Every structure is written in C-alpha cells, then in structure tokens.
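# Examining the three-dimensional arrangement
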Amino acid sequence: MRKKMNDLAYKMLILLAFVLFSMHCSGDDNIPYVNDDNRSTYNLKGSVYAVIIKDCQFKKEFGEIIRTGSKDKKIYFMSDGKVYKEELSPRVWKKYVYDNHGYLTGEMVIHEERGKRYDTNGESFVDNDTTEYFIYQNVYGPSGKIQEILKKQVTNNGLQQTERTVFSNATGGMKYTCYDKNGIIRTFSRNNNVEKMRVRCSTRYFEWMLMTFVYNNKGQRIKNTIAYERLNGSTFSENNESYELDVHGNVKKIIYTSPQQKRDPSGDITVKYQYDNLGNWTSRKLYRGGKLISWEERNIYYATEERDYNNIVEEDARKEERRIARLNDIRHQIESAAQAEKVLEKSEMSEGKIYDVAEEMPTFIGGPVNMINWINSNIRYPKEAKDNGEQGTVFATFVIEEDGTTSNVKITKSVSRTLDKEAIRLIKSMNGWIPAKSNGKTVRCRYSVRIPFRLQ
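Residues numbered from 1 in each chain as written. Predicted model: local features only at pLDDT ≥ 70, side-chain atom pairs only at ≥ 80, totals over all residues. Heavy atoms only, no water.

## A short note on the overall build of the protein
Secondary structure assignment for the protein yields five helices and 27 strands. Within the protein, the proportion of its 456 residues that are buried is 39%. When contacts within the protein are restricted to residue pairs at least 6 apart in sequence, those whose partners lie at least 24 apart make up 45%. (Helix = DSSP H or I, 4+ residues; strand = E, 2+ residues; numbered from the N terminus. Buried < 20%, exposed > 50% of the residue type's maximum accessible area, 1.4 Å probe, protein only. Contact = heavy atoms within 4.5 Å.)

Written out as structure tokens, the structure is:
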C-alpha cells in the first residue's frame, strides 16, 4: 500500500511539473545562480525565441576549410527571456520552471539514450524511463531577497534533498555557498567587477578549482584566472587569460599567461566572428598560430509575436502526447507479441515434439543451390520498401512438418515491417522439403534461413 501511495505521489509531482512548464514568469537577474540562464547569458539581442548552437568539426580540402559535422544544442526561450527548454545531442533534454521572482524552481532531465530500447517489427523505440526531476525550493528574506535554495530530487520514495545553497551579503556585492551531503561543493562571490567561483573537484591531482573573472564597467569579461588547489590549499597549477574585445563586446583575441611557463605568443588565440543584421554573431572561429582549432555556429530564430513563444510550449505538448501514445502502442505490440508467442508454443507442443537437431536433417528438394534459386525466383520486393530504400537480410526460423510443408514462422532478426512480412509469406509458400528423420521415422524439425533483400 505504501509503495502505491509513493508511486501516486510521484505521478502527481510529475503532473504538477508539466502544468508549471506552461507558466510564463518574470523577475530580475541581479543574483546569479547556476542553471538560471536567460537570453543575455548567450549574448543575444532582440526578441529571440530559439537558438541552435553547432560545435563544428572541420577539415581542410583544396585549401579551404569545410565544416563536416556538429554536435547540436537547441535552446528555446520564453518571452521574458528565460530558458524554457534545452535539447542536446546525444539525446538529452531539459525543461525549466521559474517562480514569480524569476528564480529556478524546477528542472526536468530526460536521458533518451539511456532508456529501455525495444525492437518491434523492425522499428527501434526508446522508452524514456530515465527521467530525473529536481525541485528548487527558494527561501526569501523580509526584503524579498533570496536567502536559501534547497535542491531536491523527486524519487519513488518521495523528495530527497541533494543540495543546499545559502546566500549572504558581502562588501560591495554578494556571496553564496553550496553544500551537498559531503559538505561544501562550490562557493561564489562578487565584489564590484570581480567574481570568484571555487568548485570541488574529484580528480586525482587536486581537490578544488578556483575561477576568478574580471569585468569592465560595461559588464564585459576582460580577464579570468583558473587555478587548481591541492587539499592543503597550495596551488597546483594556474593559467591566466586576458581578452581583447571588438566593438560588439565579443572576444577578438585571448592572451594566455602562466606563472609556471614562459609566455609564448604562438599560444594566443584569435577569434573571428560573423554577425546577422541585428548584431548577433552567427559564426565564431578560433585560431591558434594561424591554424583553425575550433568552429561554432548559431542559427537564431526571432519572434515577431507572442504566439511564436507559445508555439514552442504547444508543440512540446503535442510531441509529448505523440511520444506517450507511441510508447503505449509499442508496449501493446510487445504484450501482444508475447501473448502470441505463448499461444504458438502451446500449439507446437500439442502438435507433437519439435526437433532442433535430427539424425537426418530436412533438405530442400534439389539441395541448397536449388533453395537459393527458388527464393530468388519467388521473392516479391514490396513497393513500399523500395520507395523507402529499405534493404537488408531477414533471419527467420520455422518448422518443417512431417509432410514437408512449413509452419510456425518466426522472425529472429528484423529489417523492416514490410520486408519481414514478405519473408514470412515466402517461407509459408516454401513447401518443397524432404522432412527430417529420427530412428527411421519422419519428424517435425526446426530450421533457420536467411532472406536477403537488395536494391539494384
């Protein structure tokens, strides 16, 4: 009973999450918080509702640099600029919920590539059983400023707290400290134009990573330092980066310095941008010593009306309905196939013993060569499969009866629904067999065959 109540509570929380996803929230962004992203985080101008960021691969061919592939990250925004959803490749997607102050209150993560995979009638389908849902409970002080954030994960056993973040005022700025069950995992502070982030690491050589960011009076980053500290507080290594900015405030050159090494100008990185009509960059290439080392592209979609933002939410709801409907259909097919398998096994047992290996195995009249010729002469390539470019080899097992006919055809390796169907039809009409024998008597025997489908 208790487990049923926990399952019900879990489903109610998930339902509440999807209701909250449709809310459009507003608020200021004075206090930075990890995952609390918005359009300005990505340096976007104008009413942007979607961005596709491509981290490109490239090669040099005939003296030209050619983009050959990418890892995409799709980001969808609400009308107030907050991130509504992110999709990453491989298939992981996140949704975010905010309170009326504009702070994060919910985060849903689905790892599609980790889900349960089904293969039914040649179609591969992923059941997203790896959904993670996190709830952020924000605590505010009398002045309306945030004081605490409790991060909790929704599980079948209820809510389990994973992190606690405590905010406090600092001279000229603010500070927060984040804890998990093992203690402090990160600290952040900002005083005037300097930010410091200290993050607990789990590598072999150091325990903490300390990042220091320096901004100019326009809020543009001009310098950062990344240092690694050992358990005793001593610095393990340190690297400094200084930025030269263009008229858009984007980095046009990164200058590296390190206390442990003599500065080498060939290690400096030059960044080249391309912009659209609104001044948003659409291409960013990084060069070291004149050689291209990184290439990033952005496809930016602008909203002309409020419905452009609403369409994201509506389309997302439709996709979720289709996903659930398809999942239910696949589950129904799997259950039906399992039930049919049981009926077939009972039917086989009632008709008599089936041998997997007999003293004299069944043979097609005329031998294996004649069997191949018969298959090639009688196969009918489905038009639908041709139009869809489907080809491959279907593997099947079947029973050769005592009279030389075939029965109980099963597909053991599928290619597609239409090709599987043709393979079953072909085997059922394949009746020219000399049956198996055991102790001088004809017996029923199981046999395997491959049916190749190749487009010319």
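## What to know about the packing of aromatic side chains
For the coordinates displayed, the defined rule picks out 13 aromatic pairs. Residues Tyr 273 and Trp 281 carry aromatic rings whose centres are separated by 5.8 Å and whose planes lie at 70° to one another, so their mutual orientation is edge-to-face. Under the relative-accessibility criterion, Tyr 273 is labelled buried at 17%. Ring centres of Phe 364 and Trp 374 lie 6.2 Å apart, and the angle between their planes is 55°; this geometry places the pair in the tilted category. One end of the pair, Phe 364, is in strand E22 (residues 363-364); the other, Trp 374, is in helix H3 (residues 368-378), and ten residues separate them in sequence. Since its relative accessible area comes to 8%, Phe 364 is described here as buried. Residue Trp 374 is classed as partly exposed on the basis of its relative accessible area, which comes to 22%. Site record: aromatic cluster; members linked through ring pairs are Phe 364, Trp 374, Phe 398, Trp 433 and Tyr 447. (Phe/Tyr/Trp six-rings, centres within 6.5 Å; stacked < 30°, edge-to-face > 60°.)

## Quick notes on the side chain of Glu 87
Relative to the assigned elements, Glu 87 resides in strand E3 (residues 83-88). A polar contact of 3.1 Å, which involves the side chain of Glu 87, links it to the side chain of Lys 85. Contacts of Glu 87, omitting those with residues within four sequence positions, involve Asp 72, Lys 73, Lys 74, Tyr 76, Val 92, Trp 93 and Lys 319. (Polar contact = N/O pair within 3.5 Å; in protein donor to acceptor, adjacent residues only side chain to side chain.)

## Some points on the confidence of the model for the protein
In this model, the protein carries a mean pLDDT of 81, and residues with pLDDT of at least 70 account for 82%. Contacts of residues 1-34 to residues separated by more than four positions or lying in other chains number 61 contacts, the stretch itself having pLDDT below 50. (pLDDT = per-residue confidence, 0-100.)

## Concerning the side chain of Asn 280
By secondary structure assignment, the location of Asn 280 is in the loop between strand E18 (269-275) and strand E19 (281-288). Within the structure, Asn 280 has its side chain in polar contact with the backbone nitrogen of Lys 45 (distance 2.7 Å). Dropping the residues within four chain positions of it, Asn 280 is found in contact with Asn 43, Leu 44, Lys 45, Val 48, Gln 274, Tyr 275, Arg 298, Ile 300 and Tyr 302.

## Structural notes on the packing of H3 against helix H5 (residues 417-428)
At a closest axis distance of 11 Å, the pairing of H3 and H5 adopts a crossing angle of 125°. Classified by the angle between their axes, H3 and H5 sit oblique to one another. Once H3 is placed against H5, the crossing between them reads as right-handed. In this structure, H3 uses Trp 374, Ile 375 and Asn 378 to contact H5, whose residues at the interface are Glu 422, Arg 425 and Leu 426. A breakdown of the residues in the contact of H3 with H5 according to their chemical character gives three nonpolar, one polar and two charged. (Axes fitted to C-alpha atoms, helices over the stretch in contact; angles between N-to-C directions. Parallel < 35°, antiparallel > 145°, perpendicular 65-115°, else oblique. Left-handed = near helix turned anticlockwise from the far one by under 90°. Nonpolar A, V, L, I, M, F, W, Y, C, P; charged D, E, K, R; others polar.)

## What to know about the pattern of salt bridges
Evaluated as defined, the whole model comprises 15 salt bridges. The shortest N-O distance in the salt bridge between Glu 207 and Arg 200 comes to 3.2 Å. Among the salt bridges present, the one from Arg 284 reaches Glu 296, with a minimum N-O distance of 2.5 Å. In this pair, Arg 284 is assigned in strand E19 and Glu 296 in strand E20 (residues 291-302), connecting sequence segments twelve residues apart. The partly exposed category is assigned to Arg 284, whose relative accessible area is 24%. Shared partners join several salt bridges into a network, and the residues in it are Lys 85, Glu 87, Lys 95 and Asp 316. (Salt bridge = Lys/Arg side-chain N within 4 Å of Asp/Glu carboxyl O.)

## Focus: the environment of Lys 82
If you trace the backbone, Lys 82 turns up in the loop between strand E2 (64-77) and E3. Along the primary structure Lys 82 and Thr 41 are separated by 41 residues, whereas in three dimensions their C-alpha atoms are 9.8 Å apart.

## Some points on the nonpolar core
Nonpolar side chains tend toward joint burial in soluble globular proteins. Residues Tyr 42, Leu 44, Val 51, Phe 77, Val 83 and Tyr 176 are the most contacted members of the largest nonpolar core, which totals 38 residues. Leaving out residues up to four positions away in the same chain, Val 83 has contacts with Asp 37, Asn 38, Tyr 42, Ile 75, Tyr 76, Phe 77, Tyr 96 and Tyr 98. Within the second largest apolar cluster, 19 residues are counted, among which are Ile 375, Met 430, Val 449 and Phe 453. (Core = buried A, V, L, I, M, F, W, Y, C linked by side-chain atoms within 4.5 Å.)

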